[in-house]
Amino acid sequence: MSHVEDELTSQPECWTRAAQEAAGHGDVLPRAGERVAIVGCGTSYFMAQAVATLRERAGQGETDAFAASEFPHGRPYDRIVALTRSGTTTEVLDLLDRLRGRTRTVAVTADPDTPVATAADDLVVLDFADERSVVQTRFATTALTLLRAHLGLHTDAAVADARTALDNPLPEGLVDCTQFTFLGRGWTVGLANEAALKMREASLAWAEAYPAMEYRHGPISITTRGTATWMFGDAPEGLAGQVGGTGGLWVSDDLDPLAGLVRAQRLAVAVAAARGLDPDQPRHLTRSVILGPTTR
């Protein structure tokens, strides 16, 4: 079993622990009414997108998500949340350094013995969700679970659904598809983005992601026999039928959308195996992006 496969199967236990510990971090995580930005790189950025939408729609306060390298320094915020598994990502550390003394910052990380421990004002450590793999799975979803629980939006049903996602077989024919499109609405747009990234990282698959309503505005033209369109959450009316009419494979379920992401992670590993690839050795990638002066 690969590291990534082993780690993704541990997510139900990680989520349960994160939800239990969320209350203990309430003094450093965003408070209701604060204007907040959530930042990260790669997978962490997509989790930031999901959390930002959840928080704002829950009435907790204006919330934005940014890639750390694209943070708008002209905007005022009460608190910045940085998601960083490794604690060493250059763009995140550079941003926290620039924000020091201006805006309160909290980093959610898997490793406290890294530069982020001193770069951020506050630290939330999820070391039980750390990973050996380059391809992120459990840390990302555990960080999201922590923040969902902090917002009062996590339920035990999500954990039960994650176990279902791990136990049930993938839809027949899905692994053999040549192209994958992931769709979301609201907070699940971030999950769709992450699912597509997992496919590209682990299996070198042609994968894209869009807000579900935007899919009709051009991207549906690539859908045909041998392609798959995967919906996170409730689909717009009539969309499943439109995809079926193209000959493409429509994929959806009644699981909590975060559990649906676990299923997409399984797909990425399965497609990698079918293509003779090692998901623990993704092409051109390292566990953390650390940039020198000439590559910034």
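Before reading further, recall that the structure is shown in the block above.
Worth saying up front: this structure is predicted, and the values here are computed from it rather than measured.

A.B. asks: Even after reading the chapter, I still don't get the sheet that holds strand S7 (residues 206-211), so can you show me in this structure?
C.D. replies: Spatially, 4 strands are ordered S7-S6-S8-S9 in an open sheet, and the strand pairing comes out parallel. The sheet is open, and its two borders are formed by S7 and strand S9 (249-251), each paired with just one other strand. Looking at each pair of strands side by side, their axes are set apart by 20° on average, direction ignored. Relative to S9, strand S8 (residues 227-231) is paired through 3 bridges, and the arrangement is parallel. Considered in S9, the bridge of Trp 230 is made with Val 251. Across the sheet, helix H9 (residues 239-246) lies against strand S6 (179-184), S8 and S9, angled at about 155° from S9, the strand it touches most.

A.B. asks: Would you mind going over the side chain of Thr 223 with me for this structure?
C.D. replies: By the element assignment, Thr 223 lies in the loop between S7 and S8. Beyond its immediate stretch of four places on either side in the chain, Thr 223 contacts Tyr 215, Thr 229, Val 243, Thr 246 and Gly 248.

A.B. asks: Looking at this structure, how should I read the packing of helix H3 (residues 43-57) against helix H6 (residues 138-150)?
C.D. replies: Where H3 meets H6, the closest approach of the two axes is 10 Å, and the angle between their N-to-C directions is 20°. By the criterion of interaxial angle, the relationship of H3 to H6 is roughly parallel. Handedness of the crossing formed by H3 with H6: right-handed. The segment H3 lies against H6, with Thr 43, Met 47, Ala 50, Val 51 and Leu 54 engaging Ala 140, Thr 141, Leu 144, Leu 147 and Arg 148. The residue makeup of the contact of H3 with H6, split by class, is 7 nonpolar, 2 polar and 1 charged.

A.B. asks: Looking at this model, I keep getting lost on H3. Mind explaining?
C.D. replies: A turn of α-helix holds 3.6 residues, and therefore any two residues three or four places apart point the same way. With 15 residues, H3 should reach 21 Å at 1.5 Å per residue; the first-to-last C-alpha distance of 22 Å fits that figure. Three or more residues of H3 are buried, namely Thr 43, Ser 44, Phe 46, Met 47, Ala 48, Gln 49, Ala 50, Val 51, Ala 52, Leu 54 and Arg 55. For H3, the elements touching its buried residues are strand S1 (36-40), strand S2 (63-67), strand S3 (79-84), H6, helix H8 (188-203) and helix H10 (257-274).

A.B. asks: Hey, could you run me through the pairing of S7 in this one?
C.D. replies: Across a regular strand the side chains alternate sides, sitting on one face of the sheet and then on the other. Where S6 meets S7, 6 bridges bridge the pair, whose relative direction is parallel. Pairing of Gln 179 across the sheet is with Trp 206, part of S7.

A.B. asks: Help me understand the packing of aromatic side chains, please; the structure alone is not making it clear to me.
C.D. replies: In this description, an aromatic ring pair is defined by two values, namely the gap between the centres and the angle between the planes. With the rule as written, the count across this model stands at 7 aromatic pairs. Following the ring pairs from residue to residue traces out a cluster consisting of Phe 66, Phe 71 and Tyr 77. A cation over an aromatic ring shows up here: Arg 35 above the ring of Tyr 77, its NZ or CZ 4.8 Å from the ring centre.

A.B. asks: Hey, could you run me through the sheet that holds S1 in this one?
C.D. replies: In a beta sheet, neighbouring strands pair by backbone hydrogen bonds and run either parallel or antiparallel. The strand order across the open sheet built from 5 strands is S2-S1-S3-S4-S5, with neighbouring strands paired in parallel fashion. On the outer flanks of this sheet lie S2 and strand S5 (122-125), each paired with one strand and no other. When strand polarity is set aside, the average angle formed by the axes of neighbouring strands in this sheet is 20°. Against the sheet, helix H4 (residues 90-99) touches S1, S3 and strand S4 (104-109), its axis set at about 160° to S3.

A.B. asks: Looking at this model, I keep getting lost on the environment of Asp 156. Mind explaining?
C.D. replies: Along the chain, Asp 156 turns up in helix H7 (residues 156-167). Put simply, Asp 156 and Arg 225 are 69 residues apart on the chain and 38 Å apart in space, counted from C-alpha to C-alpha.

A.B. asks: How should I be thinking about the side chain of Gln 49 in this particular structure?
C.D. replies: Relative to the assigned elements, Gln 49 resides in helix H3. Within the local environment of Gln 49, its side chain forms a polar contact with the side chain of Asn 193, the two groups lying 2.9 Å apart. Among residues more than four places away in sequence, those in contact with Gln 49 are Ala 65, Gly 190 and Asn 193.

What counts and what doesn't
- Residues numbered from 1 in each chain as written.
- Predicted model: local features only at pLDDT ≥ 70, side-chain atom pairs only at ≥ 80, totals over all residues.
- Heavy atoms only, no water.
- Pairing = 2+ DSSP bridges.
- Helix = DSSP H or I, 4+ residues; strand = E, 2+ residues; numbered from the N terminus.
- Axes fitted to C-alpha atoms, helices over the stretch in contact; angles between N-to-C directions.
- Contact = heavy atoms within 4.5 Å.
- Parallel < 35°, antiparallel > 145°, perpendicular 65-115°, else oblique.
- Left-handed = near helix turned anticlockwise from the far one by under 90°.
- Nonpolar A, V, L, I, M, F, W, Y, C, P; charged D, E, K, R; others polar.
- Expected span 1.5 Å × (residues − 1).
- Buried < 20%, exposed > 50% of the residue type's maximum accessible area, 1.4 Å probe, protein only.
- Phe/Tyr/Trp six-rings, centres within 6.5 Å; stacked < 30°, edge-to-face > 60°.
- Lys NZ or Arg CZ within 6 Å of the ring centre and 35° of its normal.
- Polar contact = N/O pair within 3.5 Å; in protein donor to acceptor, adjacent residues only side chain to side chain.

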